[in-house]
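Here's the letter readout for the chains.
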Amino acid sequence: MRRILILFVDGVGLGSDDADTNPFVAANLPNITTLMSGRKLVSNQQAFSYNNFSFVPVDACMGVDGMPQSATGQASIMTGVNVPAYIGKHWGPKPNEVIRSLLQSDNMLKAICGNNHSVRLANAYPPSFLQQLYSGRRLPSSIQFAFQTTGARFCNIEDLRGGHALAADFTGEGLQSHLGFADIPILSLDAAGKRLASLAQETDLLLFDCWQTDVVGHRGTMSAAIDTVERLDAVVGGILVSWCETDGLIVIVSDHGNLEDKTTRRHTRNKVPVLLFGDGHSSVANAINDLSDIAPAMIKYLG
């Protein structure tokens, strides 16, 4: 049975091959480097497929002037529509009324549910976030809004305690140190990846929203960016060691560039990477050129 695990990493583009400015070049990334067969996640890397893995550099600008933004980028991934072209501009960070209307009308999570498949968002949200979201005091991201349209519930702290979800920082350390949840079990990064792989076997499409990559791109130092990228690589390693090709497809994707260029705290117009591992990876890769191609490829893959 085909399944999909989507690891969404916010604000990750393909930057220059320069260790002084690009944390993806400076960092030690054994797992991603193995997937890439020794190649680097940089702007001059061409698409390729090898064994059980495909890499595609994907256009996040989609023919629209200006700097790509989270709301339109994520909505394009979710809907299969070139949302920046549809509304005439890039928009973010949160979706406006027009984008929410598009997402409400149709998105891949809603469509997959309509095809009698199951979807889950693996993120565990603290009570303060959920209270603000449900009261309308916090606007959801495009991914969160798309998930809301399915009618499924967001995971909470109890799901995290029970091993059924994952904290935003993968390990749960932030929930302990910043939000006071002293009884949260702390995972290693490897164990966090293994948990994602395990949870993915319980549903047809599992999505994890890693937004901290974009935060570090905006606010963090080069050292913090390298640490963030190495943490991500360790999680990817945990996923891969637990994933058989017959388990389905792993998709790692982003919405716009940011973290890959530490000469700026702004987004970039760089292409973004799509990494595909597992069953049917090459045929899916061949169908993807820009962000709007991802939703139809995922829907077709599940059937």
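Residues numbered from 1 in each chain as written. Predicted model: local features only at pLDDT ≥ 70, side-chain atom pairs only at ≥ 80, totals over all residues. Heavy atoms only, no water.

Draft legend 1. A look at the sheet that holds strand β6 (residues 249-253). Spatial strand order, β2-β3-β7-β6-β1-β5-β4: seven strands in an open sheet with mixed pairing. The outermost strands of the open sheet, each flanked by one partner alone, are β2 (48-50) and β4 (119-121). When strand polarity is set aside, the average angle formed by the axes of neighbouring strands in this sheet is 15°. Here strand β1 (residues 4-9) runs beside β6; their pairing, made up of five bridges, is parallel. Pairing of F8 across the sheet is with V253, part of β6. (Pairing = 2+ DSSP bridges. Helix = DSSP H or I, 4+ residues; strand = E, 2+ residues; numbered from the N terminus. Axes fitted to C-alpha atoms, helices over the stretch in contact; angles between N-to-C directions.)

Draft legend 2. View of the packing of helix α3 (residues 70-79) against helix α5 (residues 97-105). Contact geometry for α3 and α5: axes closest at 10 Å, N-to-C directions at 15°. Considering the angle they form, α3 stands roughly parallel to α5. Remark: the crossing between α3 and α5 carries left-handed chirality. Here A71, T72, A75, M78 and T79 of α3 come into contact with α5, specifically with I99, L102 and L103. The residue inventory of the contact of α3 with α5, partitioned by class, reads six nonpolar, two polar and no charged. (Parallel < 35°, antiparallel > 145°, perpendicular 65-115°, else oblique. Left-handed = near helix turned anticlockwise from the far one by under 90°. Contact = heavy atoms within 4.5 Å. Nonpolar A, V, L, I, M, F, W, Y, C, P; charged D, E, K, R; others polar.)

Draft legend 3. Region of the structure containing the side chain of H256. In this fold, H256 is placed in the loop between β6 and β7 (272-278). Polar contacts involving the side chain of H256 include one to the side chain of D10, which spans 3.3 Å. A polar contact of 2.9 Å, which involves the side chain of H256, links it to the side chain of S70. (Polar contact = N/O pair within 3.5 Å; in protein donor to acceptor, adjacent residues only side chain to side chain.)

Draft legend 4. Focus on the pairing of β7. Burial analysis of β7 places seven of its seven residues in the buried class, the great majority of the element. As judged from the six bridges shared by strand β3 (residues 53-58) and β7, these two strands associate in the antiparallel manner. Residue pairing for β7: F55 is matched across the bridge by L275. The pairing of β6 with β7 spans five bridges and is classified as antiparallel. Bridge pairing in β7 links V253 to V274. (Buried < 20%, exposed > 50% of the residue type's maximum accessible area, 1.4 Å probe, protein only.)

Draft legend 5. Inspection of the packing of aromatic side chains at higher detail. Tallying each qualifying case throughout the model produces six aromatic pairs. Taken together, a centroid distance of 4.5 Å and an interplanar angle of 15° make the contact between Y125 and F129 stacked. Classification of Y125 by relative accessible area gives buried; the value is 6%. These aromatic residues form a ring-pair network of at least three members: Y125, F129, F147 and F154. One Lys or Arg, R39, reaches over the ring of F48 and ends 3.9 Å from the middle of that ring. (Phe/Tyr/Trp six-rings, centres within 6.5 Å; stacked < 30°, edge-to-face > 60°. Lys NZ or Arg CZ within 6 Å of the ring centre and 35° of its normal.)

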